[in-house]
Amino acid sequence: MESVTIYQRIGGEAAVAGVVDQFYERVLADPQLAGYFADSDLAGLKRHQRAFVGQALGSGKPYSGRAMRQAHSGLGVRSEDFDRVIGHLAGALEQAGVDGATVASIAEALAPLKPDIVAQP
Ligand code: HEM
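Quick caveat: nothing in here was measured; it's all calculated off a predicted structure. (Residues numbered from 1 in each chain as written. Predicted model: local features only at pLDDT ≥ 70, side-chain atom pairs only at ≥ 80, totals over all residues.)

**Q** I'm lost on the environment of Ala67 in this one. Help?
**A** For Ala67, the position within the fold is in the loop between helix H3 (42-56) and helix H4 (68-72). Between the C-alpha atoms of Ala67 and Gly54, which are 13 residues apart in sequence, the distance is 15 Å. (Helix = DSSP H or I, 4+ residues; strand = E, 2+ residues; numbered from the N terminus.)

**Q** Would you explain H3 in this entry?
**A** Each full turn of the α-helix corresponds to 3.6 residues, which orients residues three or four apart in the same direction. Spanning 15 residues, H3 covers 20 Å between terminal C-alpha atoms, matching the ideal 21 Å at 1.5 Å per step. Among all positions of H3, only Gln49, Arg50, Phe52, Val53 and Gly54 are buried. Taken together, the buried residues of H3 touch helix H1 (6-10) and helix H2 (12-28). Gly58 lies just past H3 and shows a positive phi near 100 degrees. (Expected span 1.5 Å × (residues − 1). Buried ≥ 20, exposed ≤ 12 C-beta atoms within 10 Å, placed from the backbone. Contact = placed C-beta atoms within 7 Å.)

**Q** Before we go on, may I ask you to explain the UniProt feature "binding site: heme" (unreviewed entry) in the chain in this structure?
**A** Here, the residues flagged by UniProt with the feature "binding site: heme" (unreviewed entry) are His48 and His72. Taking the farthest pair of C-alpha atoms as the criterion, the annotated set spanning 25 residues converges on one region, since that pair is 13.3 Å apart. Note that His48 resides in helix H3. Among the secondary structure elements, His72 is positioned in helix H4. With near-sequence residues (within four places) excluded, His72 lies in contact with Val77, Asp116 and Ile117. (UniProt positions renumbered as here; feature names shortened; annotations may be inferred.)

**Q** What is the right way to read the packing of H2 against helix H5 (residues 79-95) from this model?
**A** Two numbers describe a pair of packed helices, the interaxial angle and the distance between the axes. Direction vectors running N to C along H2 and H5 enclose 135 degrees, while the axes themselves pass 8 Å from each other. The pairing of H2 with H5 is recorded here as oblique in orientation. Every pair of crossing elements has a handedness; the one defined by H2 and H5 is right-handed. Facing H2, whose interface residues are Val19, Gln22, Phe23, Arg26 and Val27, H5 presents Val85, His88, Leu89, Gly91, Ala92, Leu93 and Gln95. Across the contact of H2 with H5, the residue classes break down as 7 nonpolar, 4 polar and 1 charged. (Axes fitted to C-alpha atoms, helices over the stretch in contact; angles between N-to-C directions. Parallel < 35°, antiparallel > 145°, perpendicular 65-115°, else oblique. Left-handed = near helix turned anticlockwise from the far one by under 90°. Nonpolar A, V, L, I, M, F, W, Y, C, P; charged D, E, K, R; others polar.)

If you want it as structure tokens, here you go:
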């Protein structure tokens, strides 16, 4: 039997869409982060984020947006901003009923992206 991916376990496409909506609500309500998104096309960003997060969780569907280094270059993202974003994603996943161990493994899976996303001094 094939193993069940996190994507399937949490409820597939609909669950990921809900998590991404909730994630951006939290990010945009955070005064430390909102400014980064002032010029962003939020609908497009959510579409890419759904595909990216879905793929990271095992959707099996491709992510065709920009690479993480390219998407975040020039934004000047700081280390503590990255940690807050991961914190908001974890909060959104928990709110969607994802168990703590799964949330922790998702956060761990994203941690290696930090050097691509955070601006180098
Ligand atoms: C693991 C953490 C993160 C992931 C997985 C992630 C993922 C993504 C994805 C998939 C996109 C869309 C790329 C595209 O449009 O082709 C994006 C864009 C963006 N991200 Fe992130 N991101 C992360 C962390 C952050 C952080 C920490 C910030 C700022 C505090 C940030 C700010 C932005 C902004 C402003 C854009 C839009 C850029 C634009 O409109 O040109 N991201 N991110």
